[in-house]
Amino acid sequence: MPGRYLGDYSTANRHSRWKTFATTASVSRKNCHPQRNFPENWDVWHTPSHWSNEGSMLRFTDTVIVPYVDATRQELHLPPDQPALAICDVFAAHRAESVRSKLLQNNIWLVFVPACCTGELQPLDLSVNDGYKNELKKCFTQWYADQVASSMGEGEDISGKKVDLRTSVMKPIHAGWLMRAHTQMAMKKHIIQLGFEKAGILSCIAKAQPSTHVTGTVCVLQLSDTV
């Protein structure tokens, strides 16, 4: 799909409970969206320009980020104004004043990873993204092998076998892989946590919290805007 991939978030707290979700976007026309039943907390949408921008980030904040943070606060029995920390790179849309203001209105603090430092400080880059992409590769490899194997089983000559890779064929299949990969990664909580450990975020939270009588939790979110 043309355009930027709008979002993959993870959240952590002092009890090491983790959630993760994603949302996809950017295709040329609404009727070109994959004909799949996506999870309710995914926002499958596109911008006219095919790129994420200030408007799409505002939509993403309204439809995904804020509802997710609110739900997490309720699940963890935290006050409605419990601070959350959003980590993102310096992509222009992330730095838009309207986006920052909307996040702050919901008590979500925005922290930017300096340019050229995402490989060292962005949690998903440190542990999750490689595994996510590997899951997608595994899905494609297995599907491709199955296509060839089915021809062999039917006694066809596969020397000139061409697997149909047209966009119209692959788009709904790939959407299914995306949901599968996301579900698989969400269950690998240790991998998600590892990224926040490598970035030094969990140790900073631990140092900032009192050693006893801990009454608060900071939700940590990270936005990865490209795949």
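In what follows, the structure referred to is the one given above.
No experiment lies behind these values; they were computed from the predicted model shown.

About the criteria used
- Residues numbered from 1 in each chain as written.
- Predicted model: local features only at pLDDT ≥ 70, side-chain atom pairs only at ≥ 80, totals over all residues.
- Heavy atoms only, no water.
- Phe/Tyr/Trp six-rings, centres within 6.5 Å; stacked < 30°, edge-to-face > 60°.
- Buried < 20%, exposed > 50% of the residue type's maximum accessible area, 1.4 Å probe, protein only.
- Helix = DSSP H or I, 4+ residues; strand = E, 2+ residues; numbered from the N terminus.
- Core = buried A, V, L, I, M, F, W, Y, C linked by side-chain atoms within 4.5 Å.
- Contact = heavy atoms within 4.5 Å.
- Pairing = 2+ DSSP bridges.
- Right-handed = clockwise from strand over helix to strand, strands pointing away.

J.: Explain the packing of aromatic side chains to me, please; I cannot follow it from the model alone.
T.: For the coordinates displayed, the defined rule picks out 5 aromatic pairs. Relative to Trp42, the ring of Phe38 has its centre 5.7 Å away and its plane inclined at 25 degrees; by these criteria the two rings are stacked. Accessibility expressed as a relative area gives 19% for Phe38, which makes it buried. Centre to centre, the rings of Trp143 and Trp177 are 5.9 Å apart; their planes meet at 65 degrees, and the pair counts as edge-to-face. Of the two residues, Trp143 sits in helix α4 (residues 123-153) while Trp177 sits in helix α5 (residues 167-187), which places them 34 residues apart along the sequence. For Trp143, a relative accessible area of 14% translates into the label buried.

J.: How should the nonpolar core be read in this particular structure?
T.: Formed by 27 residues in total, the largest nonpolar core has its most connected members in Phe38, Tyr132, Trp177 and Ile201. Secondary structure elements with two or more residues in this core: β3 (84-88), α4, α5, α6 (189-198) and α7 (201-208).

J.: Hey, could you run me through the environment of Gly195 in this one?
T.: Along the polypeptide, Gly195 turns up in helix α6. Sequence spacing of Gly195 and Leu124 is 71 residues, and the spatial spacing of their C-alpha atoms is 5.9 Å. When neighbours within four sequence positions are excluded, Gly195 is seen to be in contact with Pro123, Leu126 and Ser127.

J.: Explain the pairing of strand β4 (residues 108-112) here, please?
T.: Where a strand is regular, its side chains alternate between the two sheet faces. Sheet topology places β3 next to β4; 5 bridges connect them, and they run parallel. Across the sheet, Ala86 pairs through a bridge with Leu110, a residue of β4. The β-α-β motif built from β3, the intervening helix α2 (residues 97-105) and the parallel element β4 has right-handed crossover chirality.

J.: Is there a simple way to think about the environment of Gly55 in this case?
T.: Along the chain, Gly55 turns up in helix α1 (residues 54-75). In sequence terms Gly55 and Val99 are 44 residues apart; their C-alpha atoms lie 8.7 Å from each other.

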